[in-house]
Amino acid sequence: MPTLTVDGIEVTVPANSTVLQACEAAGKEIPRFCYHERLSIAGNCRMCLVEMEKSPKPIASCAMPAADNMVIHTDTPMVKKAREGVLEFLLINHPLDCPICDQGGECDLQDETMAYGHNSSRLREHKRAVREKFMGPLIKTTMTRCIHCTRCVRFASEIAGVPEIGVINRGEHMEITTYLDRAASSELSGNVIDLCPVGALTSKPFAFAARAWELRRTESIDVLDALGSNIRIDARGREVMRVLPRLNEDINEEWISDKTRFAYDGLKRQRLDQPYVRRGGKLAPATWAEAFAAIAARLKGFDPKRVAALVGDLSDAESVLALKELMQKLGVTNLDARQDGAKLPAAPRSAYLFNTTIAGIEQADAVLLIGSNPRFEAALVNARIRKRWLAAGIPVANIGPALDLTYPVVELGNNPALLGAIADGSHPFAATLRDAKNPMLILGQGALARADGAAVLAQARRVAESTGMIAEGWNGFNVLHHAAARVGALDLGFVPGPGGLDRDGILQGAASGAIEVVYLLGADEIDMQKLGKAFVIYQGTHGDAGAHRADVILPGAAYTEKNATWVNTEGRVQRGQKAVAPPGEAREDWAILRALSETLGVTLPYDDLDAVRARLAALAPAFAKLDAIEPAPWAAFGGEGAVAAVPFGLPIADYFFTNPICRASTVMAECSALASARREKATGTHG
Amino acid sequence: MTEATGSSSSAEAPFAFTAENLAKAKTIVARYPEGRQRSAVLPLLDLAQRQCGGWLPEPALRYVGDFLKMPHMAVMEVATFYTMFNLKPVGRHFVQVCTTTPCWLRGSDEVVSACKKHLGIGMNETTADGEFTLTEVECLGACVNAPMVQINDDYYEDLDGESMVRLLDALKRGETPKTGPQVERQTSAPVGGPTTLKSSDSSGG
């Protein structure tokens, strides 16, 4: 714990701190380009120079370890002059194109130039020009602007674990590029745009679309995977212009996945902006009243046993609650929120949560993956495991298809019987888990969305219990979801009621004619062929699979267009904020259900969002506490029966196409095409 | 150099060490402690460059990367950083003329223009028959014998325009010219024999 003096202020900082961190502890702002808290220290921009007594030269504070009795000055004429000199050198080859640069207004170099820049250039020679690079459909490059801080290089190799960005040539000819100008292949590649302190790497989809200062900022959460990454939605008028990460150390740190960042153009395409009713086999535009009337007419004198409801992957808790209560009032028990068919129970809560928590991964010292590809299902969970592996070299084993997860994985094989072997201690990896202080397992939907899913769940519980994953202050049993709606819907018990059918039963019933009416709340990932002749009501945002099959379409609001609640895979309740209005006639989802309930004569007892939320908290206590995690008590769960000797599948085949918003996005389509070309090449002749 | 790698019909041909080079490579890698095998990237790239006739096609970079279990990009970084690695094909005789100050003061301009004129190529170009590539390099550490050129692995020193042409002609004829000083001089000793310690006996005593 060195104690040093910064500008006359004495500070004590943790061991292994740098002078820069000590300066920050003393409340002094140090300009920097290459230094970043989450990346290794490069020390190559030299902007953070400070004066240290007894040192003849200024020192680079980011790379100098803090030591006892150092006397640091950050505001002397020497420091100012040194930084001015550094900045002048950085600007020698930097083009003066701020007026046409997308980074303008949020550029570190621009800001520091305001503080340390000359009012005119002394350079009379030609500036160097650098060839543009191709980094894929997400990252736009203007490499002439690059100041070679190497943040992007360090991010790719350290955080993303895909070391594909590097520095070629040397000195005056130094350039940043990907290997042979190939597209970046990491699911986290978009973060280099935020990291770039200048306008060298900017967002390609956002290129020349707007200026940073003309955007309306809304702090919200992401729903395109089940992490609930904290995001900021930047909008202009009625259009979402871009999505950026917000800092949340417990979930996404300061990163977001490429899907979260770039799928927003899907919000503008294929949208359902008015109700439709199928007449004579064709969907025809209708008014809300007509749509509701069509549903009421179909449900007249219905048998509740012949009605079913399914909830999709993106639905908010408010609308799930409204749908559940509407169905209850109608006497319908054929409900399911597990549209992928995962055999998860609605209780106890610990049976379907990521109990360790995402931040908790950093305490784990052995990880067992079961039927999951965290890289696709939750890219930032994978980044956390990698972070933990980098810090402690923990063993990670996998039961499931072999994966490239950016850290070494012991492939135990894709044999579900291994679960039993680990549970009874006969498999060698059981010892690794038992010897670990904080072992954890991650159970993916690939292991649960199968006929014997409940038995797999029980086996996984036995693995957890027999290897010491359940202990005081530690719960190493984790279910990794990839659908933002799932945990909230399970919290609300959106599962078959007494005598009700689950997803498989509903689909079979619809195919055989036993189920006559199916209500799909944003459920698009089921095989629509199986719905047979059923009357399908689709409430959602996009003209995707569900809408094409529907007999009545009720246009809902996407996650950027409503104030709503989601529960992430850890069980963390978070609120999304409305950034823009829904298109056309579309409405917030709970309000649609409330209006429909009135038409059906079973009016739901809430008239505003506060009342819905009060009801949420009353029904499921978890909803009373926002942004917090309550450890879920451990209890027995899982089904009896044998686990079939069928290998586990993975729930996500194409990372970029997991929900209607992504499928409507041209940016995601481009990424998907590149990724599949890369896969083909990898399995072909290319080394 | 803006393009990272050159294009050639052989650029996409797969690369692998010959049995002999593979044995050498294994010996080289074994010199480094466990976990530090990546340190062998420079000698291995050199080995690959020699096998490929003086340049590194892109498949060779990937091969070396895979050989040392290091990212291809990291191999690319090393290969582009060091000017001794050629990422485009070079002629059979790779003529590297030193033009740093001592050589320049001693007449490297004349050597350069003799090469250009005699070979009919400019800097960083290769003759049509693929025999010669001409390039300019920084100090090669033979300033005492300036001006000098390096051709493949050999130094030719104390040059002027005329001796440079003679040297090129000899190489064209397939001869192996004498390396080192091209004037009457033993290594870096004074021209025309010793000027001091004339009576000293090399056997001592």
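A quick note: this is a predicted structure, and the numbers were derived from the prediction, not measured.

The next thing to look at is the overall build of chain B. A count of helices and strands for chain B gives seven helices and six strands. Counting from the amino terminus, helix and strand elements in chain B follow one another as α-α-α-α-β-α-α-β-β-β-β-α-β. With the C-alpha coordinates of chain B rotated into their principal frame, the extents come out at 60 × 50 × 30 Å. For chain B, the residues scored as buried account for 44% of the 205 residues in total.

As a further point, take the domain arrangement of chain A. Residues and elements named next belong to chain A. The domain architecture assigned to chain A consists of domain 1 (3-91), domain 2 (97-214), domain 3 (301-343 + 503-624) and domain 4 (355-480). Placing a centre on the C-alpha atoms of domain 3 and another on those of domain 4 gives a separation of 32 Å. In this complex, domain 3 contributes seven residues to the contact, which on the side of domain 4 involves 13 residues. Together domain 3 and domain 4 conceal approximately 680 Å² of surface at their shared face, both sides included; 55% is due to carbon and sulfur atoms. A per-residue breakdown of the area domain 3 buries against domain 4 is headed by Lys343, Thr569 and Glu570, which together make up 71% of the total. Our count for the domain 3 to domain 4 interface comes out at zero salt bridges. Across the contact surface, domain 3 and domain 4 share three residue pairs in polar contact (both at pLDDT 80 or more). Looking at the side of domain 3 that touches domain 4, its residues break down into one nonpolar, three polar and three charged.

The next point concerns the sheet that holds strand 1 (residues 3-6) of chain A. Residue and element names in this part refer to chain A. Read across the open sheet, the five strands follow the order 2-1-5-3-4; overall the sheet is mixed. In this open sheet, the two strands that pair with only one neighbour each are strand 2 (9-12) and strand 4 (59-60). The pairing of strand 1 with strand 5 (residues 71-73) spans two bridges and is classified as parallel. Considered in strand 5, the bridge of Val6 is made with Ile72.

Turning next to the pattern of salt bridges. Residues and elements named next belong to chain A. Tallied over the full model, the rule gives 57 salt bridges over all chains. For the salt bridge of Glu106 with Arg242, the shortest nitrogen-to-oxygen distance reads 2.9 Å. Note that Glu106 is positioned in the loop between helix 2 (77-92) and helix 3 (108-116) and Arg242 in strand 12 (residues 239-245), a separation of 136 residues in sequence. Its salt-bridge partner being Glu214, residue Arg236 comes within 3.0 Å of it at the nearest N-O pair. Here Arg236, found in strand 11 (residues 230-236), pairs with Glu214, found in the loop between strand 9 (201-203) and strand 10 (216-221); they are 22 residues apart in sequence, far enough to count as distant. Residue Glu214 is classed as partly exposed on the basis of its relative accessible area of 37%.

This brings us to the sheet that holds strand 23 (residues 477-480) of chain A. Residues and elements named next belong to chain A. The parallel open sheet is built from five strands, whose spatial order is 19-18-17-20-23. Of all strands in the sheet, those bounded by a partner on one side alone are strand 19 (410-413) and strand 23. The average angle at which neighbouring strand axes cross in this sheet is 20 degrees, direction not considered. Relative to strand 19, strand 18 (residues 396-399) is paired through three bridges, and the arrangement is parallel. Counted as the bridge partner of Asn398 is Glu411 from strand 19. On the sheet, helix 12 (residues 428-435) packs against strand 17 (366-370), strand 18, strand 19 and strand 20 (439-444) and is oriented at approximately 135 degrees with respect to strand 17.

A common measure of how large an interface is: the accessible area buried when the components associate. According to the domain assignment, chain B contains domain 1 (19-81) and domain 2 (93-181). Between the C-alpha centres of domain 1 of chain B and domain 2 of chain B there is a distance of 29 Å.

Bringing the environment of Gly54(B) into the picture now. All names here are of chain B. Structurally, the position occupied by Gly54 is in the loop between helix 2 (41-51) and helix 3 (58-67). By relative accessible area, Gly54 is classed as partly exposed at 22%. Measuring from C-alpha to C-alpha, the distance between Gly54 and Thr100 comes to 23 Å, with 46 residues separating the pair along the chain. Once you skip the residues sitting within four places of it in the chain, Gly54 turns out to touch Gln49, Asn86 and Val90.

What follows deals with the confidence of the model for chain B. Residues and elements named next belong to chain B. Mean pLDDT over chain B stands at 91; residues scoring 70 or higher make up 91%. In this model, residues 6-11 is a region of pLDDT below 50 whose contacts with residues beyond four sequence positions or in other chains number nine contacts. The complex prediction reports pTM at 0.93, with the ipTM value standing at 0.89.

Here we take up the pairing of strand 12 of chain A. Residues and elements named next belong to chain A. Among the seven residues in strand 12, six count as buried, and that is most of the element. Pairing between strand 11 and strand 12: six bridges, direction antiparallel. Directly across from Arg236, in strand 12, lies its bridge partner Glu239. What sits between strand 11 and strand 12 in their antiparallel hairpin is a turn of two residues, with Gly237 showing a positive phi close to 60 degrees.

Moving on: a nonpolar patch on the surface. All names here are of chain B. There is a patch of nonpolar side chains on the surface, built from Leu42, Phe81, Tyr82 and Met84 and spanning about 360 Å² of accessible area. Within the fold, Leu42 resides in helix 2. By relative accessible area, Leu42 is classed as partly exposed at 33%.

The subject of this paragraph is the pairing of strand 11 of chain A. All names here are of chain A. A large share of strand 11 lies buried, amounting to six of its seven residues. Note: strand 10 against strand 11, six bridges, orientation antiparallel. Residue pairing across strands places Arg216 opposite Ala235, the latter belonging to strand 11.

Moving on, we get to the packing of aromatic side chains. All names here are of chain A. According to the stated counting rule, one finds 13 aromatic pairs over all chains in the structure shown. Seen in terms of ring centroids, Trp288 and Phe292 are 5.6 Å apart; in terms of plane orientation they differ by 50 degrees. Their pairing is tilted. Placement of both Trp288 and Phe292 in helix 7 (residues 288-299) is noted, with a separation of four residues, approximately one turn of the helix. The pair formed by Trp288 and Phe292 is uniform in burial state, with each residue classed as buried. When the ring of Phe477 is compared with that of Phe637, the centres are 5.2 Å apart and the planes differ by 55 degrees; the resulting orientation is tilted. Taken together, the residues Phe477 in strand 23 and Phe637 in the loop between helix 19 (609-619) and helix 20 (660-663) connect sequence positions 160 residues apart.

Here we come to the layout of surface pockets. All names here are of chain B. Computed from the structure, the second largest pocket encloses a volume of approximately 1400 Å³. Lining the second largest pocket are 40 residues, with Thr83, Met84, Asn86, Phe94 and Thr135 positioned closest to its centre. If you list the elements that add at least two residues to the lining of the second largest pocket, you get helix 2, helix 4 (72-81), strand 1 (93-98) and strand 3 (132-137). Here the lining of the second largest pocket takes five residues from strand 3, the largest share from any one element. Classifying every residue of the lining of the second largest pocket by side-chain character gives 14 nonpolar, 17 polar and nine charged.

All names here are of chain A. With 14 residues, helix 14 (residues 453-466) extends 20 Å between its outermost C-alpha atoms, agreeing within 8% with the 20 Å of an ideal straight helix rising 1.5 Å per residue. Of all 14 residues that make up helix 14, 10 are buried, and the element is covered over most of its length. Downstream of helix 14 by one or two residues, Gly468 has phi in the positive range, about 75 degrees.

A separate point is the packing of helix 2 of chain A against helix 3 of chain A. Residues and elements named next belong to chain A. Running from N to C, helix 2 and helix 3 point in directions that differ by 135 degrees, and their axes come no closer than 10 Å. As judged from the angle between their axes, helix 2 and helix 3 are oblique. The way helix 2 lies across helix 3 gives a crossing that is left-handed. Side by side, helix 2 and helix 3 meet where Lys80, Arg83, Glu84, Leu87 and Leu91 of the first sit next to Leu109, Glu112, Thr113, Ala115 and Tyr116 of the second. Each residue belonging to the contact of helix 2 with helix 3 can be placed in one class, and the counts come to five nonpolar, one polar and four charged.

Reading guide: rules and limits
- Residues numbered from 1 in each chain as written.
- Chains lettered and ligands numbered in written order.
- Predicted model: local features only at pLDDT ≥ 70, side-chain atom pairs only at ≥ 80, totals over all residues.
- Heavy atoms only, no water.
- Helix = DSSP H or I, 4+ residues; strand = E, 2+ residues; numbered from the N terminus.
- Buried < 20%, exposed > 50% of the residue type's maximum accessible area, 1.4 Å probe, protein only.
- Domains from an automatic or database assignment.
- Contact = heavy atoms within 4.5 Å.
- Buried area = accessible area lost by both parts, 1.4 Å probe.
- Salt bridge = Lys/Arg side-chain N within 4 Å of Asp/Glu carboxyl O.
- Polar contact = N/O pair within 3.5 Å; in protein donor to acceptor, adjacent residues only side chain to side chain.
- Nonpolar A, V, L, I, M, F, W, Y, C, P; charged D, E, K, R; others polar.
- Pairing = 2+ DSSP bridges.
- Axes fitted to C-alpha atoms, helices over the stretch in contact; angles between N-to-C directions.
- pLDDT = per-residue confidence, 0-100.
- Patch = residues over 30% accessible without salt bridge, like charges linked within 9 Å, V, L, I, M, F, W, Y side chains within 5 Å.
- Areas by Shrake-Rupley, 256 points an atom, 1.4 Å probe, with all protein chains shown as cover.
- Phe/Tyr/Trp six-rings, centres within 6.5 Å; stacked < 30°, edge-to-face > 60°.
- 1 Å grid on protein atoms, 1.4 Å probe; cavity = no way out; pocket = protein on both sides within 12 Å on 5 of 7 lines; lining within 4 Å.
- Points joined across faces, edges and corners; volume = space filled by probe spheres on them.
- Expected span 1.5 Å × (residues − 1).
- Parallel < 35°, antiparallel > 145°, perpendicular 65-115°, else oblique.
- Left-handed = near helix turned anticlockwise from the far one by under 90°.

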